[in-house]
Every structure is written in structure tokens, then in C-alpha cells.
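Here is what each chain is made of, one letter per residue.
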Amino acid sequence: MTPQDLVTTLLQANGERGRQLLQAHVPVFSQVALDRLVDLLKNEADHSWNTDAQQSFTLSGYLLFIGDLTHNKFYHALGLMTRGDALRRMDCDQEALPFFDAAGEEFLALSDEVGWAKTRIGRISACLQLNRTTEALRDAAAAREIFIRHDKLQRAGQMDASAAIVYFERGEYDAALRCFDRAIETYQLHGDDVDVNIARARANKALTLAAMGRFREAVALHEQARAIFAEHGEREEISMAREELNIADIYAAQGHYSKALLLYDQSRTHFQKHNMSTAAAEVALQMCVCLTRLNRTRDAYELAEEAVTFFRSMPGQGDSLARALMHQATVTTMERKFDEADELLQEASDLLIAGGFVRLAALARLRRADLYFADQQWEASMREAQHVADVFADQEDLPNLARATLLQARLAEIIKDSRTAHYLCEQALDIAQGQELLDLQYACYDLLGQLCEQAGKLDEAAAYYERAMRGIDDVQSRLVLDERTSFLEDKGGIYQRAMLLALRRGLIDQALIYVEKAKSRVLGDYLRNNIDIRVRANDTADENFLENLARLREEQAWFSSIVYETENEANLSDTAIMRIRAIGPVRAQQEMHKRERRIEQLLEQLQLRTVGDVVARARPDWTNSIMTSLRPRLEPRVLMLEYYLADQDIYIFQLTRDHIEVAHVPGGAAKLERLISLWRANLEVAAQAGNSPDQALDFNGILENGLGLLKRLYQMLLQPVEQALISCEHLIIVPYGMLHYVPFHCLFDGKRFMVERLYISYLPAASILDICRQRAERMRAKGLQLQQAVVMGSSDGGRLPFAVQEARRVAQQLGTRCAINEEATTALLWKAGAQAPIVHIAAHGLFRLDAPNFSHIKLADRVLSAIEVFNLDLSSCTLLTLSACETGRAVIGGVDEVIGLGRGFLYAGAASLLPTLWKVDDASSAELMEMFYRALLSGYPKISALSGAQRAFLAITRASGSPHRLHPYFWGAFHLIGDPGKL
């Protein structure tokens, strides 16, 4: 048996069997064969460090056994050193030290000082973990001298790098940089085959530069190192993953969160591939930083919680456990669970102080300062902030120094020490600008604006607010889709302060521009900049993602059907009932939510991979188009009302082509919220009565109550601008916040519904009107081929018989084929939607308040959810009608981002949408749609056709002796969003 054959056999054997094999073969091996055997075992032990430390431990035992069998002290010393390395990799650093010391003594007994110096390599790492840094530096200096004397330059460079790492951990960054530079010089003197060593030294030097806030230099070095590791392929894949992690950390610190999350995900995948669970958990901790700054608290808490559980089970990971606890504390502070956050931070601090981790301990105290600030414990917060600011200054940790200084400035502002607050804020801003810390920059500008406004320096305050908003734009322009929405959730105060200050200065135009900056930013930016976020497979990895995504969608649909069909059990088949009872709606809902979370995560990862470095840099003056291009294009008798809610007040901006005014309704927000809640309750009761056999009787009181609520809403929202309505024919409503749920066309002035007075259409933001108009104009110029329209009707198992009738009638009017029931599929929409000038879907719809991305329309093959609609191509669609329940309802995220089906269809290319605000009566919807399409095909604009159909419905109802059908439940759910013009 050759040495290689024996090693191969040993790798498959247990320890006892391995010793038997060695007992049998070692005595017959020649000295050359023995040397070869020992060399092979040592290499295998070293290669097993990261993947199987226990294997490395076992192999070290074989080396010791060979040393005993052959009475070879060199082999035995080598085995002792290998045992120490294995223990170190098993996080048994204290236990490893005696083996390194014994190995060193045996090498010295052999007069092998180079061998002794080699034992210092592992010993330095063990000492560092045990916070015995003085010993580590002493060993590094002694070993380096020996390596230099014996012309072992590569090893000497390794000692310089080890010493540098010790200095880094001690917070002595300048000394660390000097050692890294000396290591690189020494490696270069060695000559060949040192590119990987140089790459590692550069990577570690970059970490030091990043800790000092010198981010540009750090990224450049990390990129150089990553490129070298990539050249070496799978052998250095883990090193490349670490560089991706390091670069991601810098991007996260600078506010480039999408780029950071992409690199974190790649790095974590590499670590998981190599079964490096600890490293993967460390990456998860770093991801928490991005997620909390994106206000994705649930995701951040879950990752941190997983990490806490993992590190509690791993000995010797006190610092990592403490970091995980700090991330949990950050989230619980954001959620105002202060007692829980305090307990988490106390445990983290205890761990860090016991382990001697000075920098991390300071970070824990900074988190505690943030906690006290959020809990309004000003003195305690100031005490902690002052302490950590001094520590960070001593350590030259500029990013955290800037955060501590900004917190001190906020505290000074609270106690009315404006001069100190201004000085500290300027200091924090100076650091943030130098380190390109985008999230700190806009926060500093915002505080400086508030300080100037308090001092009566209104022009300076306005300039600072403008810079703050540009800073927010800079950060969110680098994010993908829902990351943008969550990021903006806590930024509304900045826009509000800027808007109110503009009004205070008499600048109504500027105030409206600030309102627009806050509205539907995600959708607007994507449409303005033509960013393609459709999911597609660019490589094999993406194909695997898509396969996984398809599986998750199927599972989500399965569990969703159990959750929501339970409500209609009387109409289900025996098989469906058995399925529901076997799993149960409670468990099904839990499983459905798991799939939905995973689907959102996968789509985000795919967007990051396919979009890459998304920078949707809108022109700084894009909102000025409201004044320069939008207003002049408004027709003479068109009035646009844009609403804004600031604290408890309502502001109504009135735009015509000639002028702009603003009305102020003080203290109206609380009353408005109450009225909207009562209106939603009235609609629910109306829907129940609408499904009863005796509608007229059951509607007693419902109509009267509804009209009363609609009149009170009219008095609050439209009566303040009644004078402007007198000369208006077409009213464009741009809602804000809860006003997205108000059917303005149904408001009642005491005599008539508003739709009987005016044509009323809607926009999520005023700036989107031009986009929708331009789409419609392009489609008209191209020429509409109505026979290519897509019309689908699904009765949902017979529960919506009028939906099929409606679809057939619309298809007949358009002169196109109608897809009914089993033919009404998402596959058809994907195939034919790109050429369809009109898409009409009459089917069952479901609005998900708990998960708006999974609001959906139920078609024959599966449901079409809001999160999927972004992938559709509707570039030829001038009108998309969603004749299904609640297809126009949405959740408001970000500052004023409308999240629901409508957002996806606008992104997909539709020029205008005709969705519903509530559950519709399918019989009256069919009647209404027939009248709408008749008028539309006769040449009327879309808004005229819709308003005409609703007016006709009301006129017929008044003449029919069925006054209960005057309730908007029967006719008012449909509303037009986008382009109001002709086909």
C-alpha cells in the first residue's frame, strides 16, 4: 500500500481502525514513504480546518501516533502543532495553547527554531481570541525575526499580517496599517506565488481603513483582493466570499443597501455551500444593519433571533452573540419595546466587557443611548452618547463617532441649547460627508433645517430641507422596488417640514413640489426612468431561482385556497372539503404566510441579481414639471385637487392651467379617519344586504346612513374648494394617505352625487399624469386593433354568473373573442396581453390587507397576484378594467406609496385603469360595464364614458322604483386612474 492509498483509507476509517492500519503499515515503510505519509496527513488536516475540524483533530492524532511508533520527535512535534490548530478551529483556544507550547519546545529541542516559529502562527490566533494580545504581539515579533534570519520571507510577511490583526482588534489602527504595509512589502520581496498572500493582506488592511472611515480606499483594496481570489476559482471561493462580505459592509455603512444586500446574499450562499454555518450566521448579522435602516424590522428581528439561537449553541462566540443581541435590541427599540431592548443590551454589554471587546462594547453603549433617546430619558442618553463619542474619537472610528455626535446634537436641540446643537450637527455632517455616509447626511441636514427654522432663518432652513430631501433621493434611488417603499416609511416628517415651511414663506408652488416628492415615489421613479425590474433568467442560477419561485407559488396558492375557500364551504366539492379539514385553516394560514415571505425574498434577490446596480437618478428638478409642463397642459375646465395630511390638518392644493391655490382644513384628520371608518362599515353592511333575497327591505336605513356619511365627507373635503368647483367640468383627484380609500365621485352635496355634477378621475401622484397621457397618445398614434383586446370572465365555480355574462357582452361590443371560465387563464394574459389595446377581466378578486402584494384576481389556472403583475407586458394597453372585488384597494406604505394590484398594472404599461374600491355586485357591474363600453366605443373619453354610465345607472334606478340601488355599493366602486382621454 502506498502512502496515498493509506491516507485515503484512513480518511474513511474511525480512530481505532486508523491506528490499527498505521500499526500494520508504518513499520514497513521506508523513510521516504514515511515522510510522504506525514506530509499528506498534515495537508489533509490543514484542508479540513474550515469544513471538518473534528477530522483535523483525528488526523493530528495519527501524526502523534506515527511519531510515537517511529520515535521521531519531528513527527511528534508536528502532530502537537496540528492538534493545537484543530482545537483552535473547534473554538477550544484555551485547550489549544498547551499543544502549541509543547510543540514549540520539541522543535527547539531539535534545534529547529523555524519549526518553533511556525507554532506561533496558531498560537497568535488563539491568544487573540483569548484577549491575550500582548503575548500575541510578542510571539509575532520573535517569529518574524527567525523567519527573516532564515530567509523565510513569506512566513515573515505572515507574522506582520498577524501582528496587524492584533493591533486592529486592540483599536490601534495606525500600527495595524504599518504592519500590513510591511507584510505586503515582505511578500513582494519573496517573489513568486504570493499573490494570494498579498490579496489577504490588502483585504485586512482594507478592514482597518474601513474602521477608520476611509471607505473609498477600503473598497478599492477589497476589490483588488476579490479579483485575485476569483482568479483562483473554487480553491479561494471562501476568501472571495469574505471580500464580498467586507465590501457589502462598506456599502451598508454608506447607505447603498441594495448593493450591500446583493453581496451579503452571495457571500452567505458561498459559506452555506461550504457548510460554514458560523460564517453564514455572521453574514446574517450584517444583513440586519441594512434591514433595520430599510425599516424592515420583522425581517431584521427574525434574522437576529436565528443568529442568537445559533451563537448560544456555539462555545467561544460571545462577541457574535452580543452583536446578535444588539440587533434584536435595535429592532425592539424601533418598535418601542424599551424594557425588552434594555435587557438585550445588558446581556450584550456583559458579554463584551467580559471578553475585552472594547469597540463592540462602545457600540452597545451607543445602542443604549439610542434606546434612552427613544424612551425620552434625555439625561441618560446624553451620558451614554458623550462616553461613546470619546471612545470612538480615541479609536478613530469616524462613522460611529458621527452617529454619536448627531445624537448629542439632537439632545442639545431638545434641551433648547441651539448653539451647541448646531455646532455638533455641523461636526457630524463634516464626518458624514467625508466618509460618504448618505443616511447620516440627510439626517444632519434635516436637523440643521429645524434649528434654522426655530431661529427664524427661513431661507437657510429651506435650503437645508432641500438638501435633506436630495439625500433621501440619493439613497432610495439605489434601492429596488419594495426596499424603496420601506426605506421611506419614516421619512415623511422631512417632507412635511419642508412643505409647511414653504407655505409659511408664501411659496405655494414649492409646497406642492414637496408634496409630490413624497407621493408614489417608487412607482413614479420607475416609470419616469424606464427601469426594467421584470424577473427573467439570465443564467443557470437564475433558472434555479425561478424554478424555486414557481414551486413556492404553487404551494402558496394551495394553502391560500384552503384559507379563503373555508368561508364558502357550502359551495365546495367533497374533495375540497376533505382537503380543508385535513389541514385546517389555521395551519394553512401559517404555511401560506411562510411561502409568501419566501416569495418576496426570492423576488427581491432576483431583482438584485438582474437589475444589478440600480441607480434611478431622477433629475433634481423633475418635480418642477408640475409647474412647467403639467399645468399648461391642463384643459380650461379641468381642476386638479391634490390633498396632503400634516399632523391633524388637511391641505387641499387646487391646480388649474392658470393658477394654484391651497385651502387649509385645521384639525380635520381625526374626524376624517372616523368618517372613513364609518363609511367602510356602511359598505360592509350594504354588501351583506345586497346579497339578501329582499334587498329593498334590508337596505332600510343603510342608504340614509351612507348618504349622511358621504355628505359629511363632502363638507370636509370638497366644500372648502366649492368656489373652484363651480367653473370645473373635469375634476382630477390626487389623494393622500387614508384619502386613497375615499370615493370622491360618490360624495353627496345634499342633492346630488359628485359624479352627477362633474367628471372625476384619479391619480396616485400628479406627476404621473403626463406618463399616462403619453402612453395613451402613443397607442392612439399606433392605431388600436380592438379585435386584439383580451376579455376574460370567470364565474368562480358558479358564484359569479353575471361575470361571464358581462365578459361576453363586452367581447361582443369590442368585436373580439371572449375567454370564459376554464379559458380565462393567466397564461392567456401573459401571451396576448402585450398586443391588447384593452384588457377586461371579470372574475373574483381578493384584497389582502395583511399582505397587499398577494391581493389577487382568481383565474382558471391560478391566481394572479399583485407581486406578479409587474412581470406583465401591457405596453399596448390603453385601458385595463378589473371588474372584480376590491381591485382598487391598497395599503399605503412609504410616505404615500399605494401598494396593491393597481401599482403593478401601471408599471406593466397600462395607460389607465378601471378598478374597484370595494366588493362589487356582479349583476349591477355587468349592467354598468355594458353602458360604459357603449359610450367608450362611440368616441367618448374614458372618464366621460364612466361618468355617463354611472349617471345613467342612477337615472334608471330613480325611475325604477328601487331607490335602495342608489347606494354607491351598486354603482360607485369603479373609478378611473390614469389617462382620462379617448381610446
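This structure is a prediction, so every number in the text was calculated from the model and none was measured.

A.B. asks: It is not clear to me how the packing of helix 10 (residues 173-190) against helix 11 (residues 195-211) should be interpreted in this structure. Could you clarify?
C.D. replies: For any two helices packed against each other, the geometry is given by the interaxial angle and the distance between the axes. At a closest axis distance of 9 Å, the pairing of helix 10 and helix 11 adopts a crossing angle of 165 degrees. Classified by the angle their axes make, helix 10 and helix 11 are roughly antiparallel. At the point where helix 10 passes helix 11, the crossing takes the left-handed sense. Touching Tyr173, Ala176, Leu177, Phe180, Asp181, Ile184, Tyr187 and Gln188 of helix 10 are Asn197, Ile198, Ala201, Arg202, Asn204, Lys205, Thr208, Leu209 and Ala211, all from helix 11. Class assignment for the residues of the contact of helix 10 with helix 11 results in 10 nonpolar, four polar and three charged.

A.B. asks: Sorry, what's going on with the packing of aromatic side chains here?
C.D. replies: The description of an aromatic ring pair uses the distance of the two centres, along with the angle that the planes make with each other. A full pass over the atoms with the stated rule returns 17 aromatic pairs. Considering the side-chain rings of Phe870 and Tyr907, the 5.5 Å spacing of their centres and the 45 degrees angle between planes classify their relative orientation as tilted. Of this pair, Phe870 sits in the loop between helix 40 (866-869) and strand 12 (879-883) while Tyr907 sits in helix 41 (residues 901-908), and the two are 37 residues apart along the sequence. Per residue, the accessibility class of Phe870 equals that of Tyr907, and both read buried. Each member of the aromatic cluster is reached from another via a ring pair, and the members are Phe74, Tyr75 and Phe107. It is Arg862 that lies over the ring of Trp830; its NZ or CZ is 6.0 Å from the centre.

A.B. asks: Can you walk me through the environment of Gln788 in this structure?
C.D. replies: Residue position: Gln788 is located in the loop between helix 37 (768-782) and strand 6 (790-793). Note: C-alpha distance between Gln788 and Leu814 (26 residues apart in sequence) is 9.1 Å. Beyond its immediate sequence surroundings of up to four residues, Gln788 is in contact with Thr816, Gln835, Ala836 and Pro837.

A.B. asks: How do you make sense of unusual backbone geometry when you look at a structure like this?
C.D. replies: Most peptide bonds take the trans form, and the phi angle of most residues other than glycine is negative. Positive phi is not limited to glycine here, since Asp151 has a value of about 60 degrees. Here Asp151 shows up in the loop between helix 8 (133-149) and helix 9 (153-169). Overall, Asp151 belongs to the exposed group, its relative accessible area being 58%.

A.B. asks: What should I look at first to understand the pattern of salt bridges in this one?
C.D. replies: Side chains that differ in sign of charge can pair as their charged atoms come close. The tally for this structure, following the rule as stated, stands at 59 salt bridges. Glu302 is the salt-bridge partner of Arg597, the closest N and O atoms lying 3.1 Å from each other. One end of the pair, Arg597, is in helix 31 (residues 585-611); the other, Glu302, is in helix 16 (residues 297-312), with 295 residues separating them in the sequence. For Glu302, a relative accessible area of 32% corresponds to the partly exposed category. A single network of salt bridges, built from pairs that share partners, joins Asp101, Arg120, Arg123, Arg132, Glu135, Arg138 and Asp139.

A.B. asks: What is the right way to read helix 21 (residues 398-414) from this model?
C.D. replies: Note on helix geometry: an α-helix contains 3.6 residues per turn, so any two residues three or four positions apart are oriented the same way. The terminal C-alpha atoms of helix 21 lie 24 Å apart, and with 17 residues this matches the ideal 24 Å at 1.5 Å per residue to within 8%. Counting buried positions along helix 21 gives 14 out of 17 residues, so the element sits mostly inside the fold. Following helix 21 by one or two positions, Lys416 adopts a phi angle in the positive range, close to 70 degrees.

A.B. asks: I tried to follow the UniProt feature "repeat: TPR" (unreviewed entry) in the protein on my own but got confused; where do I start?
C.D. replies: The feature "repeat: TPR" (unreviewed entry), as given by UniProt, occupies residues 157-190 in the numbering adopted here. This span, residues 157-190, is 91% helix and 0% strand, and a straight line between its end C-alpha atoms measures 9 Å.

A.B. asks: Honestly, the pairing of strand 8 (residues 838-842) in this entry has me stumped. Any pointers?
C.D. replies: Note on strand geometry: in a regular strand, side chains alternate between the two faces of the sheet. Burial within strand 8 is extensive, with five of its five residues counted as buried. The alternating pattern of strand 8 places Ile838, His840 and Ala842 and Val839 and Ile841 on opposite faces, both of which are buried. Relative to strand 8, strand 6 runs parallel, the two being bridged by four bridges. The residue of strand 8 that forms the bridge with Val791 is His840.

A.B. asks: Would you explain the side chain of Glu135 in this entry?
C.D. replies: Of note, Glu135 is situated in helix 8. Apart from the residues within four sequence positions on either side, Glu135 is in contact with Arg123 and Cys127.

A.B. asks: Just to check I follow, could you spell out the nonpolar core for this structure?
C.D. replies: Buried together is how nonpolar side chains tend to be arranged in soluble globular proteins. With 247 residues, the main nonpolar core has Tyr643 and Phe905 as its most contacted residues. Setting aside its immediate chain neighbours within four residues, Phe905 contacts Ile857, Leu864, Val869, Leu872, Leu874, Leu880, Leu882, Ala910 and Leu913.

A.B. asks: In this structure, what is going on with the confidence of the model for the protein? I would like to understand it.
C.D. replies: Low pLDDT means the predicted coordinates in that region are not meant to be read closely. When pLDDT is averaged along the protein, the result is 89; 94% of the residues meet or exceed 70. When the criterion is pLDDT under 50, residues 613-620 qualifies, and its contacts beyond four places in sequence or with other chains add up to 20 contacts.

A.B. asks: What am I meant to see in a negative patch on the surface here?
C.D. replies: On the surface, Asp192, Asp193, Asp195 and Glu231 cluster together into a negatively charged patch. Considering the arrangement of structural elements, one finds Asp192 in the loop between helix 10 and helix 11. Exposure remark for Asp192: the relative accessible area of 63% places this residue in the exposed category.

A.B. asks: In this structure, what is going on with helix 4 (residues 53-70)? I would like to understand it.
C.D. replies: Taking 1.5 Å per residue, 18 residues should reach 26 Å; helix 4 reaches 26 Å between its end C-alpha atoms and fits that length. Every buried residue belonging to helix 4 is among Ala53, Ser56, Leu59, Ser60, Tyr62, Leu63, Leu64, Phe65, Ile66 and Gly67, and all of these are buried. Against the buried residues of helix 4 lie helix 1 (3-12), helix 2 (15-25), helix 3 (31-47) and helix 5 (73-89). His71 occupies a position one or two residues after helix 4 and carries a positive phi of about 55 degrees.

A.B. asks: Help me understand the packing of helix 11 against helix 12 (residues 215-231) in this model?
C.D. replies: In contact at an axis separation of 8 Å, helix 11 and helix 12 are set at 155 degrees when each is read in the N-to-C sense. Comparing the axis directions of helix 11 and helix 12 gives the class roughly antiparallel. As for how helix 11 packs across helix 12, the hand of that crossing is left-handed. Every residue of helix 12 that contacts helix 11 at Asp195, Val196, Ala199, Arg200, Arg202, Ala203, Lys205, Ala206, Leu207, Leu209 and Ala210 is listed here: Phe215, Glu217, Ala218, Leu221, His222, Gln224, Ala225, Ile228 and Phe229. Class assignment for the residues of the contact of helix 11 with helix 12 results in 13 nonpolar, two polar and five charged.

A.B. asks: I keep staring at the sheet that holds strand 10 (residues 856-858) and nothing clicks. Help me out?
C.D. replies: Sheets are built from strands paired through backbone hydrogen bonds, the pairs being either parallel or antiparallel. One open sheet accounts for three strands, arranged 9-10-11; its pairing is antiparallel. Sheet topology places strand 9 (844-846) and strand 11 (863-865) at the edges, where each strand pairs with a single neighbour. Across this sheet, the average inter-strand angle for adjacent strands is 20 degrees, counted without regard to direction. Taken together, the three bridges between strand 9 and strand 10 define a ladder with antiparallel strand orientation. When the sheet's bridge partners are listed, His844 is paired in strand 10 with Lys858.

Cut-offs and rules
- Residues numbered from 1 in each chain as written.
- Predicted model: local features only at pLDDT ≥ 70, side-chain atom pairs only at ≥ 80, totals over all residues.
- Heavy atoms only, no water.
- Axes fitted to C-alpha atoms, helices over the stretch in contact; angles between N-to-C directions.
- Helix = DSSP H or I, 4+ residues; strand = E, 2+ residues; numbered from the N terminus.
- Parallel < 35°, antiparallel > 145°, perpendicular 65-115°, else oblique.
- Left-handed = near helix turned anticlockwise from the far one by under 90°.
- Contact = heavy atoms within 4.5 Å.
- Nonpolar A, V, L, I, M, F, W, Y, C, P; charged D, E, K, R; others polar.
- Phe/Tyr/Trp six-rings, centres within 6.5 Å; stacked < 30°, edge-to-face > 60°.
- Buried < 20%, exposed > 50% of the residue type's maximum accessible area, 1.4 Å probe, protein only.
- Lys NZ or Arg CZ within 6 Å of the ring centre and 35° of its normal.
- Salt bridge = Lys/Arg side-chain N within 4 Å of Asp/Glu carboxyl O.
- Expected span 1.5 Å × (residues − 1).
- UniProt positions renumbered as here; feature names shortened; annotations may be inferred.
- Pairing = 2+ DSSP bridges.
- Core = buried A, V, L, I, M, F, W, Y, C linked by side-chain atoms within 4.5 Å.
- pLDDT = per-residue confidence, 0-100.
- Patch = residues over 30% accessible without salt bridge, like charges linked within 9 Å, V, L, I, M, F, W, Y side chains within 5 Å.
- Areas by Shrake-Rupley, 256 points an atom, 1.4 Å probe, with all protein chains shown as cover.
- Lys, Arg positive; Asp, Glu negative; His and termini not counted.
- Charge placed at Lys NZ, Arg CZ, Asp CG, Glu CD.

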